[in-house]
Amino acid sequence: MMQHLIVLPVVLPLLVGLFLLRSRHGTMRTHRVVGVTATALLVVVAMVMVARAADGEVTYYALGGWQPPFGIVLVLDRLSALMVLLTAVLALGAVVFACAGDDERGSNFHGLFQLQLMGINGAFLTGDIFNLFVFFEVLLLASYALLIHGGGKSRIQSAVHYVVLNLVGSSLFLISVGVLYGATGTLNMADMAVRLSDLPADREGLVTAGALMLLVVFSLKSALLPLYFWLPRAYAAAPAPVAALFAIMTKVGIYAILRVYSLVFGEQAGSLAALEQPWVWWLSLATMVVAGIGVLAARDLRLLVAYLIVVSVGTLLAGIGMGSPAATAALLYYLVHTTLVTGGLFLLAEMIGLQRGKAATRLVKGRPMHHGNWLAGLFFIGAVAVAGLPPLSGAIGKALLLNAAETSQQPWLWPILLATGLAALIALSRAGSTLFWRSHEGEVAGVSLSRSRWLGVGWLLGASPLLVILAGPVSDYTCATAEQLADPDIMVRAVLSNAGESP
């Protein structure tokens, strides 16, 4: 069983998703039990994978027995294991929340949810750049359907923009993969890294073009300025459990930049090394500034949280642009924090909207809420965490990033990162005051919220204090992950150890 561990995060949601789609006329209770059980099992599998990867050994799974570089491989290292676990934890909170009734507003929610998990996990585990494209398409196809789950004019409009932009990105992705394959003769990322170290001079321009086109694609997926404008409206319009799961979607683009440009275009690539750093560094700072303005301008709680995701994207990509193992370790800690907390805030926004009647999540005066005190407490925890205030995990993540900045980077990163934190604090304080202190006119609004909603939100927002308690072990793991990424030879040796063999 252990030899098939790496493929389980792909096969498990695939089989469950197909089963749920095939039995779409079954009872909703059955779909919920199967969906939640499969996602919980995925958390267990991911925890085992993290434990296996923690010793630093890189292992791979050759599909069909065909060895690399000819066959398709899934690769397990510290980074891929961490991302799969993060996805599973986020998904469990979202699917439990959805069982309160959000899954009934459209068809095939649980089946599509599982297929999106399959695409996300495949993207994190694949060692083949073409199959990175394939898994991107799988997760995007599922996300198209989930985005319009339940219908509505705003969702349809947002979905059209989302689909068109991602189709353009997918086309560019396929072109860039073709260019790199034509120049190197391989699609396996480890093998491509080896071939780039001895690339003929007449092909360097072609590879540079392919690498920069990939950077555009990954920047679109991660919502880097100026390619971020699709995200706020799409995420704000999506159903709450879908928006929560979408919190990991931008991290797929960030992961792809980390993986491809540390492995394929690492130091061994010579003049092609670190192509992305100048672009990512300056654009990430600009992303933080523009997103901070968007946070201050937001007049809806959902839109506010969506802009907070864009702020986190800029922060994470600034860590990549800093180009040091210390910065990579810091951004990985911050990535775990911001993904879970923003996912929890999307779910919390839905609960608040359900309690406010017609006012919903708009930041205007509304009626008192049934569970106002409890919701205010959860909002306070989420706001403190996402703004980066002590004593929660956001403060630790930002402190690690600030500390990792080199002398030449500090005058740029420090004021911008701290200013966006201040903008988030101001916007969230204003939102909290409007939602909970000024909402006292008329009769109590809303209905009693189901237990599954509280469990889903508590599961995700509770991650912030847990990350503080476990800050030592988590930061040790992220530091070891950063060191492993900084040495691409580890991956190359592990994946190509049996190169040339076939079944």
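Data block above holds the structure.
Nothing here was measured: the structure is a model prediction, and the numbers come from that model.

Chemist: Give a description of the nonpolar core that names residues and reports values.
Modeler: F218 and Y235 are the most contacted members of the largest nonpolar core, which has 175 residues in total. Per-element tally for this core: the top contributor is helix α3 (residues 78–98), with 17 residues. Judged by nonpolar contacts, the second largest core, of twelve residues, contains W281, A318, A327 and L413.

Chemist: Tell me about the packing of α3 against helix α4 (residues 109–125), and please be specific about residues and values.
Modeler: Two measures define how a pair of helices packs: the angle their axes make with one another and the distance between the axes. At a minimum axis separation of 9 Å, α3 and α4 run at an interaxial angle of 170 degrees. Between α3 and α4, the angle is such that the two are roughly antiparallel. Judged by the sense of rotation from one axis to the other, the crossing of α3 with α4 is right-handed. Residues S80, M83, V84, T87, A91, A94, V95 and A98 of α3 lie in contact with α4, whose contacting residues are F109, H110, F113, L117, I120, N121, F124 and L125. Looking at side-chain class alone, the contact of α3 with α4 contains twelve nonpolar, four polar and no charged residues.

Chemist: Requested: an account of the environment of A486, with residues and values cited.
Modeler: Within the secondary structure, A486 sits in helix α20 (residues 471–486). Remark: the alpha-carbon pair of A486 and L263, spanning 223 residues in sequence, is separated by 8.4 Å.

Chemist: Describe the pairing of strand β2 (residues 73–76), listing the residues and the values that go with them.
Modeler: If a strand is regular, its side chains alternate between the two faces of the sheet. The alternating pattern of β2 places V73 and V75 and L74 and L76 on opposite faces, both of which are buried. Where strand β1 (residues 59–62) lies against β2, four bridges are found, and the strand directions are antiparallel. Looking at β2, one finds that Y61 is bridged to L74.

Chemist: An account of the pattern of salt bridges is needed here, citing residue identities and associated values.
Modeler: In the structure shown here, the tally under the stated rule is eight salt bridges. A salt bridge links R32 to D103; the shortest N-O distance between them is 2.8 Å. Highlighted residues: R32 in helix α2 (residues 28–53) and D103 in the loop between α3 and α4, separated in sequence by 71 residues. According to the relative accessible area criterion, D103 is buried, its value standing at 1%. Of the charged contacts in the structure, one is a salt bridge between R302 and E350, with a shortest N-O distance of 2.2 Å. Here R302 is found in helix α13 (residues 301–322), whereas its partner E350 is found in helix α14 (residues 325–355), with 48 residues between them in sequence. Residue classification places R302 among the buried residues on the basis of a relative accessible area of 14%. Here the salt bridges do not stand alone but share partners, grouping D102, R105, R302, E350 and R453 into one network.

Chemist: Explain a nonpolar patch on the surface to me, and be specific about the residues and the numbers.
Modeler: Side chains of I148, I156, V160, V164 and V168 sit close together on the surface and give an oily, nonpolar patch of about 400 Å² of accessible area. You can see I148 is positioned in the loop between α5 (129–147) and α6 (153–184). With a relative accessible area of 33%, I148 lands in the partly exposed category.

Chemist: Describe empty space enclosed by the protein, with residues and values.
Modeler: With the rule as written, the count across this model stands at four cavities of 30 Å³ or more. Taken as a whole, the largest cavity spans an internal volume of roughly 90 Å³. If you go around the largest cavity, the residues you meet are F136, L139, L140, Y162, N166, K221, W230, Y235, M249 and V252. Elements supplying a minimum of two residues to the lining of the largest cavity: α5, α6 and α11 (249–263). At three residues, the largest contribution of residues to the lining of the largest cavity is made by α5. For the lining of the largest cavity, the class distribution of residues is eight nonpolar, one polar and one charged.

Chemist: Just give me the short version of the side chain of S170, but keep the residues and values in it.
Modeler: Mapped onto the elements of the fold, S170 is located in helix α6. Accessibility expressed as a relative area gives 6% for S170, which makes it buried. Setting aside chain neighbours within four positions, we find S170 in contact with F133, E137, L140 and K221.

Chemist: Requested: an account of the environment of G353, with residues and values cited.
Modeler: Inspection of the secondary structure assignment puts G353 in helix α14. On the accessibility criterion, G353 (13% relative accessible area) is buried. Put simply, G353 and R302 are 51 residues apart on the chain and 9.5 Å apart in space, counted from C-alpha to C-alpha. Setting aside anything within four residues of it in sequence, one finds G353 in contact with A360 and T361.

Chemist: Can you explain unusual backbone geometry? Please cite residues and give values.
Modeler: In this structure, P69 follows P68 across a cis peptide bond, with omega equal to 10 degrees. The topology assignment puts P69 in the loop between β1 and β2. The amide bond that connects L225 to the next residue, P226, takes the cis arrangement and shows omega of 5 degrees. Secondary-structure assignment places P226 in the loop between α8 (204–222) and α9 (231–237). Although it is not a glycine, N108 sits at a positive phi angle of roughly 60 degrees. Secondary-structure assignment places N108 in the loop between α3 and α4. A residue is classified by how much of its surface remains accessible, and N108, at 27% relative accessible area, is partly exposed.

Chemist: Account for the side chain of D300, naming residues and giving values.
Modeler: Here D300 shows up in the loop between α12 (277–297) and α13. No salt bridge is formed by the buried D300, whose closest oppositely charged neighbour, R302, lies at an N-O distance of 5.0 Å. A polar atom in the side chain of D300 sits 2.9 Å from the backbone nitrogen of R302. Those residues in contact with D300 that sit more than four places away from it in its chain are T361, R362 and L363.

Chemist: Break down the layout of surface pockets for me, with residues and values.
Modeler: By volume, the largest pocket amounts to about 610 Å³. Lining the largest pocket are 18 residues; nearest its centre among them are L85, V89, L467, L470 and V474. Counting only elements with at least two residues in the lining of the largest pocket, the list comes to α2, α3, α14, α19 (463–469) and α20. If you tally residues by element for the lining of the largest pocket, the top one is α3, at four residues. The residue makeup of the lining of the largest pocket, split by class, is 17 nonpolar, one polar and no charged.

Quick notes on the rules
Chains are numbered independently. Their residues run from 1 in the order of the written sequence. Restriction of local features to residues with pLDDT of at least 70 applies here, the model being predicted, together with a cutoff of 80 or more for giving and counting side-chain atom pairs; totals for whole chains, interfaces and linings are based on all residues. Hydrogens and waters are ignored; side-chain quantities use all the structure's heavy atoms. The nonpolar core is taken to be a set of buried Ala, Val, Leu, Ile, Met, Phe, Trp, Tyr and Cys residues, with the residues joined through side-chain atoms within 4.5 Å. The rule is simple: take the accessible area with a 1.4 Å probe, protein chains only, and divide by the maximum for that residue type; under 20% is buried, over 50% is exposed, in between is partly exposed. What counts as a helix is a DSSP run of H or I of at least four residues, what counts as a strand is a run of E of at least two, and both are numbered from the N terminus. Fitted lines through C-alpha atoms give the axes, limited to the stretch in contact for helices. The angle between two N-to-C directions lies from 0 to 180 degrees. Oblique is the label for any angle not covered by the other classes, which are roughly parallel (under 35 degrees), roughly antiparallel (over 145) and roughly perpendicular (65 to 115). Crossings are classed by handedness, with left-handed meaning an anticlockwise turn of the near helix from the far one by less than a right angle and right-handed meaning a clockwise turn. Any two residues having at least one pair of non-hydrogen atoms within 4.5 Å are treated as being in contact. Here the term charged refers only to Asp, Glu, Lys and Arg, the term nonpolar to Ala, Val, Leu, Ile, Met, Phe, Trp, Tyr, Cys and Pro, and the term polar to all other amino acids, Gly among them. For two strands to count as paired, DSSP must find a minimum of two bridges between them. In the sections that follow, a salt bridge refers to a side-chain nitrogen of Lys or Arg positioned within 4 Å of a carboxyl oxygen of Asp or Glu. Nonpolar side chains (Val, Leu, Ile, Met, Phe, Trp, Tyr) are joined into patches within 5 Å and like charges within 9 Å, using only residues with over 30% relative accessible area and no salt bridge. Per-residue accessibility takes into account occlusion by the displayed protein chains alone, with areas from the Shrake-Rupley method and a 1.4 Å probe. Of the two site types, the cavity is a set of points on a 1 Å grid over the protein atoms alone where a 1.4 Å probe fits but cannot get out, and the pocket is an open set with protein on both sides within 12 Å along at least five of seven lines, each lined by residues with an atom within 4 Å of a point. Grid points are joined across faces, edges and corners, and a volume is the space filled by probe spheres set on the points. Counted as positive: Lys and Arg. Counted as negative: Asp and Glu, with His and the chain ends omitted from the count. As used in this structure description, the phrase polar contact means that two N or O atoms lie within 3.5 Å; if the pair is within protein, one of them must be able to donate a hydrogen and the other to accept it, and residues adjacent in sequence are counted only when both atoms belong to side chains.

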